[in-house]
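# Observations on the three-dimensional arrangement
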4 protein chains.
Amino acid sequence: MIKVGIIGAGRIGKVHAESITNYVPNAEIKGIADPYIDDETEEWANSMGIPNVYKDYKEILTDSEIEAVLVCSSTDTHSQISIEAAKAGKHIFCEKPIDHDLDKIHEVLNVVEEEGVKFQVGFNRRFDHNFKAVKEAVEAGKVGEPHIIKITSRDPEAPPIDYVKLSGGIFLDMTIHDFDMVRYLSGSEVEEVYAAGEVLVDPEIGEAGDVDTAVITLKLKNGAIAVIDNSREAAYGYDQRAEVFGSKGSVKVTNDRESTAVVSTEKGVTKEKPLYFFLERYMESFADEIKQFVNAVANDTEVPVDGTDGLKPILIGLAAQKSLEKGRPVKPSQIAKN
Amino acid sequence: MIKVGIIGAGRIGKVHAESITNYVPNAEIKGIADPYIDDETEEWANSMGIPNVYKDYKEILTDSEIEAVLVCSSTDTHSQISIEAAKAGKHIFCEKPIDHDLDKIHEVLNVVEEEGVKFQVGFNRRFDHNFKAVKEAVEAGKVGEPHIIKITSRDPEAPPIDYVKLSGGIFLDMTIHDFDMVRYLSGSEVEEVYAAGEVLVDPEIGEAGDVDTAVITLKLKNGAIAVIDNSREAAYGYDQRAEVFGSKGSVKVTNDRESTAVVSTEKGVTKEKPLYFFLERYMESFADEIKQFVNAVANDTEVPVDGTDGLKPILIGLAAQKSLEKGRPVKPSQIAKN
Amino acid sequence: MIKVGIIGAGRIGKVHAESITNYVPNAEIKGIADPYIDDETEEWANSMGIPNVYKDYKEILTDSEIEAVLVCSSTDTHSQISIEAAKAGKHIFCEKPIDHDLDKIHEVLNVVEEEGVKFQVGFNRRFDHNFKAVKEAVEAGKVGEPHIIKITSRDPEAPPIDYVKLSGGIFLDMTIHDFDMVRYLSGSEVEEVYAAGEVLVDPEIGEAGDVDTAVITLKLKNGAIAVIDNSREAAYGYDQRAEVFGSKGSVKVTNDRESTAVVSTEKGVTKEKPLYFFLERYMESFADEIKQFVNAVANDTEVPVDGTDGLKPILIGLAAQKSLEKGRPVKPSQIAKN
Amino acid sequence: MIKVGIIGAGRIGKVHAESITNYVPNAEIKGIADPYIDDETEEWANSMGIPNVYKDYKEILTDSEIEAVLVCSSTDTHSQISIEAAKAGKHIFCEKPIDHDLDKIHEVLNVVEEEGVKFQVGFNRRFDHNFKAVKEAVEAGKVGEPHIIKITSRDPEAPPIDYVKLSGGIFLDMTIHDFDMVRYLSGSEVEEVYAAGEVLVDPEIGEAGDVDTAVITLKLKNGAIAVIDNSREAAYGYDQRAEVFGSKGSVKVTNDRESTAVVSTEKGVTKEKPLYFFLERYMESFADEIKQFVNAVANDTEVPVDGTDGLKPILIGLAAQKSLEKGRPVKPSQIAKN
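Residues numbered from 1 in each chain as written. Chains lettered and ligands numbered in written order. Predicted model: local features only at pLDDT ≥ 70, side-chain atom pairs only at ≥ 80, totals over all residues. Heavy atoms only, no water.

## Details of the interface of chain B and chain D
In this assembly, 26 residues from chain B lie in contact with 26 residues from chain D. When chain B packs against chain D, close to 1,800 Å² is buried across both sides, 48% of that on carbon and sulfur atoms. Taken together, chain B and chain D are joined by 0 salt bridges. Along the contact surface separating chain B from chain D lie 11 residue pairs in polar contact (both at pLDDT 80 or more). (Contact = heavy atoms within 4.5 Å. Buried area = accessible area lost by both parts, 1.4 Å probe. Salt bridge = Lys/Arg side-chain N within 4 Å of Asp/Glu carboxyl O. Polar contact = N/O pair within 3.5 Å; in protein donor to acceptor, adjacent residues only side chain to side chain.)

## Considerations on the sheet that holds strand β5 (residues 91–94) of chain C
All names here are of chain C. Read from one edge of the open sheet, 6 strands run β3-β2-β1-β4-β5-β6, paired in parallel fashion. The open sheet is flanked by β3 (52–54) and β6 (119–121), the only strands paired with a single partner. Ignoring which end each strand starts from, the neighbouring axes of this sheet average 20° apart. Across 3 bridges, the pairing between β5 and β6 is parallel. Note on β6: the bridge partner recorded for Cys94 is Val121. (Pairing = 2+ DSSP bridges. Helix = DSSP H or I, 4+ residues; strand = E, 2+ residues; numbered from the N terminus. Axes fitted to C-alpha atoms, helices over the stretch in contact; angles between N-to-C directions.)

## A short note on the interface of chain D and chain A
On the side of chain A, 39 residues touch chain D, which itself brings 39 residues to the contact. Each partner contributes to the roughly 3,100 Å² buried at the junction of chain D and chain A, and carbon and sulfur atoms together form 64% of this total. It is Tyr194, Ile225 and Phe245 of chain D in chain D that bury the most area against chain A; as a group they hold 17% of the surface buried on that side. Counting across the interface, chain D meets chain A through 9 residue pairs in polar contact (both at pLDDT 80 or more). Residue assignment for the side of chain D that touches chain A shows that the elements contributing at least two residues are β7 (146–154), β8 (190–198), β9 (213–220), β10 (225–231), β11 (239–246) and β12 (249–253) of chain D. Residue classes in the side of chain D that touches chain A are distributed as 15 nonpolar, 12 polar and 12 charged. (Nonpolar A, V, L, I, M, F, W, Y, C, P; charged D, E, K, R; others polar.)

## Brief notes about the relation of the copies chain D and chain A
Placing chain D over chain A gives an RMSD of 0.0 Å and needs a rotation angle of 180°, together with 0.0 Å of translation along the axis. Taken together, the rotation and translation relating the two chain copies correspond to the operation of a two-fold axis. It is Arg328 of chain D whose C-alpha, among those of chain D, lies nearest the rotation axis, at 2.7 Å. Take the interface residues of chain D: 100% of them recur as interface residues in chain A, which is what a same-surface contact looks like. (Least-squares fit on C-alpha atoms with pLDDT ≥ 70 in both.)

## Quick look at the domain arrangement of chain A
One widely used convention gives an interface's size as the accessible area the parts lose upon coming together. Residue and element names in this part refer to chain A. Annotation of chain A at the domain level lists domain 1 (2–117) and domain 2 (127–273 + 312–337). Computed from C-alpha atoms alone, the centre-to-centre distance between domain 1 and domain 2 is 28 Å. In this assembly, 6 residues from domain 1 lie in contact with 11 residues from domain 2. Buried area between domain 1 and domain 2, summed over both chains or domains, comes out near 600 Å², and the portion from carbon and sulfur atoms is 72%. (Domains from an automatic or database assignment.)

Shown next, in the form of structure tokens:
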């Protein structure tokens, strides 16, 4: 039984807490910490059977019974807390992104290596039943050598403008999952990025210096070409699709729906919209990533998404940002060197 | 080049004329006859390059150059004209049903046999790309031994009540195609029929002594069970589906649509309705049945749908009628004996 | 917090225990009883945090803290245990079927009424996301007045022959869920049943006096016609579909799959098979039926599936059996009178 | 009745001849010309009822009865023959591309304008039922303002290497249809092109200086971003899909198949592959483009695809070529100026 501490009691912290309670039999939550903890959250923690609720996350780092921590705090604290946790000898599950700053990411990865603790990054979509099915088909050789990888990733509605301003931009906030997915599905690294972006959803997003609609082309080391299309607002819901096309064929996944119901009337033949909310869509993947993290800790095996997997999408995202600014393709390796 | 005469210049006669002109290179129409021929039809015949237009079909039967006739006249004249055509030595394509009266059907089949002419019945759906795909999968052994055969056959709207009154009832008018399809797909004969029928679409249909909604269960000689569901009115269009389920799996076909377009909006994910009109839906099958009839004449080979194929669905239809009246299963073989 | 006892620690008893633990926050399991309890089950109970494990279910009935019991024992004990539980003042969730014997069912319903306890029957499919979507579309008037109701229900493989012998026959064991579904989706009662059945999957099933393939036609009080097709063995998995066709259109649901993946190669375009195992397919519905039972107890509201809902499908099943024997339609009301 | 001459009796010339004969009632073919005419083609022309077969296309241009010509000769002769035809006062249907050389295209467009003849370019896909459905949904405002346009266009197999060498490269030979489709679906012009291309299908294509796999990003005047993915070889057949995503939702079309058949077995649930051959896939669109050309001539109305529609995709294609060479985005307007 692995004792776990959770740092950050916001939406994703709670999701992970519930996953552990319901789906991870070999883990228990010993404490949760959040500087803004309120009565409601405290009540929720009680109902979950979490014995300790703290304002200060250091209480968790100093609890010697706790073997592993989940870093679910605000993005700007991920790297600092991860470093402290590693130094305290805790295994770490860190929400994405590790940081927007490359130096800080490298510091985290260095400390983690020195301290010999496990470090998993929260790219949950790798654990989704659909994307896993694509990966399995590719690995089983069903599509042959990958030639074209296509990802459609559109949010149901744009986030509040205050969130946009702090998000690091669409490429680091939203597309980062898709960059990870390209690496995961192709099994290859990104050599060059070209990003086309526009402000078509909300002018305020443009005023905040960001785009809300983008198509990003990625040249991969293995010769394949990947293309991602993003929108901050799909009227019909959360649109999450992928296709790998290769020398022997293709594998595609499309959206999950609440039911398979199809209604046929004089007006047309209508099925349900894609699931709207990312937690609803990806709930099972959130549970599975934590289960696998706990198993990696319990069995001392490799984590399924490591520090490099956390770093690379950031490099690609920074290259995409630069490509958009400069109006030309940019290599992530050039970003890395700067 | 086979010279063909068409008897009956109504909707289906015109369809066959156009098929021959556009798709059957080894046939030409030498004449068309209809007692109610009007200027518009005459003009149409001219535009089609049909050299002779008659009021009296006997002009066609006495034209020694004409080798084959298409009997597309009103149902109550099918058997009489077929008999005369056979005696005139013409090969015959006869629209379904041959007749509603068993004695007349037997007389047709006898004369046809005596005269040694070819006789094909217009069960066009056997030539439809979807139903052929089911047949081919079954014959290729893909579903193993057939266990359950399901046919959904629903019209987009009920015919005029005057038509209903002369139609011979839903089983002889509409389900007869489905009875043929059960024989075609199963490769087996029907041993027993149980029909449940209701008047749910239009009370006038009930007043005319017919039903508009029906579910018919058929026990087949090979042990399989078939079930047909019919409605005179499907709000969303012409609903034509089939499934053969067997020891190794199933094969299913669903409806054709005008395009593959799918529109996703806040309101739902909508595709097109099934094609609405039977001519639109089955156009290609009408062309193909005539092409194969002409080829059978030209090459002196067997017709793909023969007189027995015309007779059997009538027997099943009469059994279904009796089952509905009596409220119990009825064997077509008992109908045949009477 | 409702304290619950579970009687029967077989497959379904364990499923319900796990549902309560993971999904029903206002219930806890105080004890579980099974005459054949073994070490493995005891260990499982410990891991679930169930404090008491008994061989004798009476220990549960005499525990005054326990408000509600789940009767998950073998079918032949459902009625006796339900009667005792009602007399002990416990609210009851009883697995289907209540009994195969009508007198015993009536006795259960009478005692339950006298004692004023809640009594819910385990027709879990009503809680399935797909079937609920059909029900909601029908209730929202999307398809108008129901005319034809179609249910396809095929198991992935035939049960062991020893199970078949004790099962009460396909209609009481398997089709009973579909009879319930017809009542649920139509909101109407069954007036007459005609069953066609064959032995096509396994001759041993025939030797045991049962059939393995069936098509059942049901005439409903509201005029609609329902038809169910069953097979004990679908090579491609567990096939669970439904359609309600009405005056304004239709609503259909088809199978759930492990993922939306579609693989296109030279050989064809292939998607995943339906989920194979009923627990996998219906897991969510098992959880939801128990959640709703607990809520009915907690809030003293009506249970969603009551004793009458448990009785009626048995009557329909007995009518289907008699129809198969006699080769003619049979009314459930005639069964009820005997 | 419009008298038509066809110049070029290769595959596409024959297709157009058959369309006119079967589907265009107000046109007749008076002659066909091809320098390489052989006995087989002559026989075919006879069977089609084409009265004149020439080696020299000038025979057609000097026939004063012929009002319109179809230029179906080899690509390198399109512009020269079009110019001569215009000067002879013939209306012109010219196969795509008009030419690979911009000066020649401009010369054609100038002469056509001076002579006041109609000039339609053979972008047949605009007449395809699927792409038309997308266009209609967009024009009806169903998806709101277009934000992202996606086109997948993959051939079933690479053409012979000798064809590749003369093709003008993938962008002018294959993608040109997709560039036209972007303009057609978006109703907007292309401002900038970025092309990523690789040789993944056949190294010989690379040796010939071309690519066989490409992803092309297009920035449009209306702010939308379009993306095309191409492959010379899709193992599963001819893959022709499109999506327009906008402020109110999306419309998508996918491939046509030979039938709707779905086979479910132990191995999976399999539907048919996309239609393999472009003539099979687009037959109806070839017929419709000619029908509309003839109607434009007969009624003196505008042709549906004019000279500008022929020119613009060439500019985009040349920009794509340059982008690929230079490794950066290129504006078609810059190509036009050179």
